[in-house]
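# Coordinates in review
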Amino acid sequence: MATRMKLKAANRRENADRRPHATAKYVRISSRKVKIVIDLIRGKSVQEAEAILMYTPKAASEPVLKLLRSAIANAENNLGMSADGLYVAEVFANQGPTYRRYMARARGRATRIRKRTSHITIILDEKE
């Protein structure tokens, strides 16, 4: 049984995605709002995507910019790639857990407030 586990682990390492990536989890912005921002940078070069995010007046642009810079640093430090030849290959935002809070209302009642979170992932790749 242990031999099979070693084979599976070796196979998983061999087929692992070698592209640089970064993930931010539990970001306190709704994934619906993040998707508006990430649609602007999908397929763009890293320099162009960074410039777009710096001048986009949305709350989600700040964590996405920070995540993009993290992915660039991962590419340079871990994989030895140059930042000049990178572009945003994939970027997506999935829904995270929703924090539920209550707000007092009239006549002793309460209303549920949903504070939504998201998981954002950026995958870079080299231009050919």
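The structure reproduced in this document is the subject of the present report. (Residues numbered from 1 in each chain as written. Predicted model: local features only at pLDDT ≥ 70, side-chain atom pairs only at ≥ 80, totals over all residues. Heavy atoms only, no water.)

Looking only at helices and strands, the protein has 4 helices and 5 strands in total. Along the protein, helices (α) and strands (β) appear in the sequence α-β-α-α-α-β-β-β-β when read from the amino end. At 19 Å, the protein has a C-alpha radius of gyration far larger than the 14 Å of a compact globule built from 128 residues. Seen through its C-alpha atoms, the protein measures out along the principal axes to roughly 65 × 50 × 20 Å. For the protein, the residues scored as buried account for 33% of the 128 residues in total. Taking the contacts inside the protein whose residues are at least 6 apart along the sequence as the reference set, 69% of them involve residues at least 24 apart. (Helix = DSSP H or I, 4+ residues; strand = E, 2+ residues; numbered from the N terminus. Rg over C-alpha atoms; globule rule 2.2 N^0.38 Å. Buried < 20%, exposed > 50% of the residue type's maximum accessible area, 1.4 Å probe, protein only. Contact = heavy atoms within 4.5 Å.)

The next subject is the pattern of salt bridges. Considering all chains together, one arrives at 3 salt bridges under this definition. Across the salt bridge formed by arginine 19 and glutamate 90, the nearest N and O atoms sit 2.7 Å from each other. Taken together, the residues arginine 19 in the loop between helix 1 (2–14) and strand 1 (21–27) and glutamate 90 in strand 2 (residues 86–95) connect sequence positions 71 residues apart. Judged by relative accessible area, which is 23%, arginine 19 ranks as partly exposed. Relative accessible area serves as the criterion here: at 31%, glutamate 90 is assigned to the partly exposed category. We note a salt bridge from arginine 42 to aspartate 39, for which the minimum N-O separation is 2.7 Å. Note on arginine 42: relative accessible area 38%, which makes it partly exposed. Judged by its relative accessible area of 48%, aspartate 39 falls in the partly exposed class. (Salt bridge = Lys/Arg side-chain N within 4 Å of Asp/Glu carboxyl O.)

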